[in-house]
Amino acid sequence: MTKKMSISTSKTSLVLLLCQIISALDVPLDSKLLEELSQPPTITQQSPKDYIVDPRENIVIQCEAKGKPPPSFSWTRNGTHFDIDKDAQVTMKPNSGTLVINIMNGGKAEAYEGVYQCTARNERGAAISNNIVVRPSRSPLWTKEKLEPNHVREGDSLVLHCRPPVGLPPPIIFWMDNAFQRLPQSERVSQGLNGDLYFSNVQPEDTREDYICYARFNHTQTIQQKQPISVKVFSMDSLNDTIAANLSDTDIFGAKPVTERQPVLLTPTGSTSTKVELRGNVLLLECIAAGLPTPVIRWIKEGGELPANRTFFENFKKTLKIIDVSEADSGNYKCIARNALGSVHHVISVTVKAAPYWITAPRNLVLSPGEDGTLICRANGNPKPSISWLANGVPIAIAPEDPSRKVDGDTIIFSHVQERSSAVYQCNASNEYGYLLANAFVNVLAEPPRILTPANKLYQVIADSPALLDCAYFGSPKPEIEWFKGVKGSILRGNEYVFHDNGTLEIPVAQKNNAGTYTCVARNELGKIQNEVQLEIKDPTMIIKQPEYKVIQRYGQVSFECIIKHDSTLLPTVTWLKDNDELPDDERFLVGKDNLTIMNVTDKDDGTYTCIVNTTLDSVSASAVLTVVAAPPTPAIIYARPNPPFDLELTGQLERSIDLSWLPGDENNSPITSFVIEFEDALHEPGVWRYQTEVPGSQTTAQLKLSPYVNYSFRVIAVNRIGRSQPSEPSEQYLTKSASPDENPANVQGIGSEPDNLVITWEPLKGFQSNGPGLQYKVSWRQKDVDDEWTSVIVANVSKYIVSGTPTFVPYEVKVQALNDLGYAPEPSEVIGHSGEDLPMVAPGNVQVHVINSTLAKVHWDPVPLKSVRGHLQGYKVYYWKVQSLSRRSRRHVEKKILTFRGNKTFGMLPGLEPYSSYKLNVRVVNGKGEGPASPDKVFKTPEGVPSSPSFLKITNPTLDSLTLEWGSPTHPNGVLTSYTLKFQPINNTHELGPLVEIRIPANESSLILKNLNYSTRYKFYFNAQTSVGSGSQITEEAVTIMDEAMASRQVDIATQGWFIGLMCAVALLILILLIVCFIRRNKGGKYPVKEKEDAHADPEIQPMKEDDGTFGEYSDAEDHKPLKKGSRTPSDRTVKKEDSDDSLVDYGEGVNGQFNEDGSFIGQYSGKKEKEPAEGNESSEAPSPVNAMNSFV
């Protein structure tokens, strides 16, 4: 086996190594081989981790292990060596590590409580067991206590406490009486999970003196009994009699009657609670409520469904049981207790944790010297378990060093192992809920080749079939396998052979010339061995004369042949089947050597017959069909539909029945199977034929049931296997006498179409159902639950009647009865309908909003009484809309959103809200007619969230050592901005990042000059905004400082040119003239319409400079209380910012920015004087000047 590269210290090499590690040796499961190979110990049996023992019996702590040589055993108790030789009560079973502690001869189980661990050791390593915690079971007696009788008023709730003694394991609780009969339990009276007996409301029959709680301790098979508890229930009648006997006639007395009460939870208490359960366990949640009438419990999971196939309800639905829980079952479970007076609920927040469980448990490794391998130990849990390794039971950090071993977290990597590397490794995965311990050995073997296939094994195959010759082997290092044909033949190669990894030689298509002796040779560096096998090629079995299709007349004789040819050394067996099943057990079937004969053939012999020939190596079959006919087959036989029946005759005429007879037509070689009889009603539906009945084909008469007031004609149709005949000629007509109707209209309904009506509809009777002339309908109705008489009306030729003037949406009893000239049909059944719906009268009350987070809120409301719904309750609609953003204080177009909650829900979630905003909502009830009035608008506010990224980041004015940054506030601040964070770092030519610098900037700033930067350097900037909640997403930008000093000097030289100085002087002169004009106008009280210009601009804060005319676009309205934009003039964008100017119109108290053309002309306008904003930071209020323009390049 090829060796792989050694382990590198870098992670890249480590991953590469893991991809190239050679798989460990496979040890064949050969018992003789396994007995001969050395093997480290393996624990095969051990006691459970939590081992509770019976204190009356001997304690047996199991520890069994296997290994070669057989391992020796030792124990620790409570972390120290347990010397069993010094304790006469403790023995170890021979050839085993199992401990037997003798308790029955004077030992005390309590003395042997503790944590035990077994170690199995041989020269190849040491395996250890789990920590086995041994504890004797306990079944203590109930403590003595004085139990006072319970005096309870009828209808009140009651809890009888059990409080069993603490046992090990915990006892099973049940309640019985003095006669050892279990106390009956129901929705009203039931036992809780803690063993207490709960009464939702007590009744007089609950009075008794023998409520007894029993605790059964299964481990010791003992039952402990609590003292009987007495319960006396005072009924209202008896209590009134008692009061009356002690008061004079003039006294007013009388206990209040039993009053119904809304549900109140007896357990759990409060509105919320929590529960933690472990993965894989059974989750039990309980809700028991008091109330009168007895409340009914219902369970739901908030935001999800209860898991199907794993959810069960116990204890009259008071206990929710979910088996095999997983992390997905975490969440809020709500129990709702409800009776006619109201409801109460409790929310249990369930968290599913997990003890460690295996993802990949370590597996034993068998390696050859110099090979590589890995042990992998991966486990999961909640919380995530920690992984630790041991070697031969010792923490691997302090175990003897092995240069071939390297630990990498949950993996141990072995490279270039030697025989001394054999050891047993333990992986421990643990968290606060438990641990897993697994032993896995590394067994390094140096073994010469062995061939496990028996010598001279004979293989027989059929010619042209695959031949597989085995050469099972073992050796370490893994041997190489070669095949030879014959004792001194050459090595086998070529496409006609397939060599499998397990040593098997495959000949895909074996021919006669492939027969002979084959030799398998296995060799490694420790030796060589060979084995011979024999291959014989047999002729295939063939059916040279197959059975043929036969058609035979009934009661004749038929024979099927099946003549075969086979290899002379193989013994064939011939089996016959009929329709793929065994032949019938009938003496008429005669099986010969090469044929099957059937005597006295019947119709049942019709079918498919198969001849199957089997040998030890192959199987062949052939089939033929036998058809049995009534007469010899001739081409003249025609199978067709039967001819129609004829000569129909009516006899035995009665009011409700008549006899029909007929003669069948020719069956046309296919027997008639049935006759179909149809009728025509010439009185009501002339020309329409309807099904009457069907009779067997052997019958030529039928008694037919008739309806009154029908003019009957009949016809008959014959049916055989081919199809249906043409109908016969109609019989003579027969008119039945009239009678009152036998049935009433079907599908009667009462549904209102308007708030003040009731529309009664029905399905009218068909003509032949009328039973006589003058068919009419008696429509009756009355209001339900009101002592009213029936109101009736008789109508004809309609299927609808409208009752007007009804109250809105009240239940009605409705019935429709058929009648004709001869009388009424039987009394009809009543159906319940409702008059028309109207819009609901009232709005839901007590609307409450609970803001969950900045984008989600939960709204609650009280349900609208059903009487006020005035229709079928369809649900509730919540209208909600954003009023304004709290950060911008600006209103916008109101876009109302609607959420519909079906059914009688009283809460709902509002998703997709905007942070730091004010919202309003109202709730409306919905019925089949429409929506009711809205509840009063409820105002709620969402808390702050993190802002979006700044709207832009612009970097301008690069110099040798500075850059100017400008930015826009976030489009969605989602709160009050507290600051900005700027981070930047240099980038070198290889795109490596330098040290990161962080700067905090006040929220009211919109620009910044970064100084003391390196010249000719690229910088990367990261910029984001913060609210009190946290930082928003960032925006990034890159910029470069000026390249070199030469460019800077050229820019300075431009500023020294005469034309440039003259231009700047002209600009300064124009500014001075304009200032004088403004001063004069101001003294005259003149105002400039700046506000009108502001309204004409889409965004007065950001007006970029036009590239074509060079005008400057910075402008701000002082009333907005925003800082003026910062900037400087640069060769790149020619923008002049205020901090770079020597003079500013702000200094003159006008509070505005001016705009200038390149020729120095002033294009801005001024307004009246406004309050001057305080100076911010080191900003300059100077106007542009030639000096500053020149200095901006330095």
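Not measured: the values here are computed from a predicted model.

Observations regarding the pairing of strand 36 (residues 423-431)
Link 1 in the chain: Of all nine residues that make up strand 36, eight are buried, and the element is covered over most of its length.
Link 2 in the chain: The sheet contact formed by strand 32 (residues 386-391) and strand 36 spans six bridges and is antiparallel. Paired with Ser388 across the two strands is Asn428, which belongs to strand 36.
Link 3 in the chain: Taken together, the nine bridges between strand 36 and strand 37 (residues 434-444) define a ladder with antiparallel strand orientation. When the bridges of strand 37 are listed, Val424 appears paired with Phe441.
Link 4 in the chain: Turn length for the strand 36-strand 37 hairpin, with the two strands adjacent in sequence and antiparallel, is two residues.

What to know about the pattern of salt bridges
When their charged atoms lie close together, side chains carrying opposite charge are able to pair.
Link 1 in the chain: Counting across every chain of the model gives 37 salt bridges.
Link 2 in the chain: Measuring nitrogen to oxygen at the nearest pair gives 3.3 Å for the salt bridge that ties Lys321 to Glu314.
Link 3 in the chain: Taking the relative accessible area as the measure of exposure, Glu314 reaches 34% and is therefore partly exposed.
Link 4 in the chain: Within the structure, one salt-bridge network assembled from shared partners comprises Asp177, Arg208 and Asp210.

Observations regarding unusual backbone geometry
Link 1 in the chain: In this structure, the amide linkage connecting Leu168 to the following residue, Pro169, adopts the cis form with an omega of -5°.
Link 2 in the chain: With respect to the helices, strands and loops of the structure, Pro169 is situated in the loop between strand 13 (158-160) and strand 14 (172-176).
Link 3 in the chain: Despite not being glycine, Tyr916 shows a phi value in the positive range, around 50°.
Link 4 in the chain: Note that Tyr916 resides in the loop between strand 76 (907-910) and strand 77 (917-927).
Link 5 in the chain: Overall, the relative accessible area of 16% leaves Tyr916 in the buried class.
Link 6 in the chain: With phi around 55°, Asn957 is a residue other than glycine that occupies positive phi space.
Link 7 in the chain: For Asn957, the location among the structural elements is in the loop between strand 79 (950-956) and strand 80 (963-970).
Link 8 in the chain: Using a relative accessible area of 3% as the deciding quantity, one classes Asn957 as buried.

Criteria and thresholds
Residues numbered from 1 in each chain as written. Predicted model: local features only at pLDDT ≥ 70, side-chain atom pairs only at ≥ 80, totals over all residues. Heavy atoms only, no water. Buried < 20%, exposed > 50% of the residue type's maximum accessible area, 1.4 Å probe, protein only. Helix = DSSP H or I, 4+ residues; strand = E, 2+ residues; numbered from the N terminus. Pairing = 2+ DSSP bridges. Salt bridge = Lys/Arg side-chain N within 4 Å of Asp/Glu carboxyl O.

All we've got here are geometric facts, nothing functional implied.
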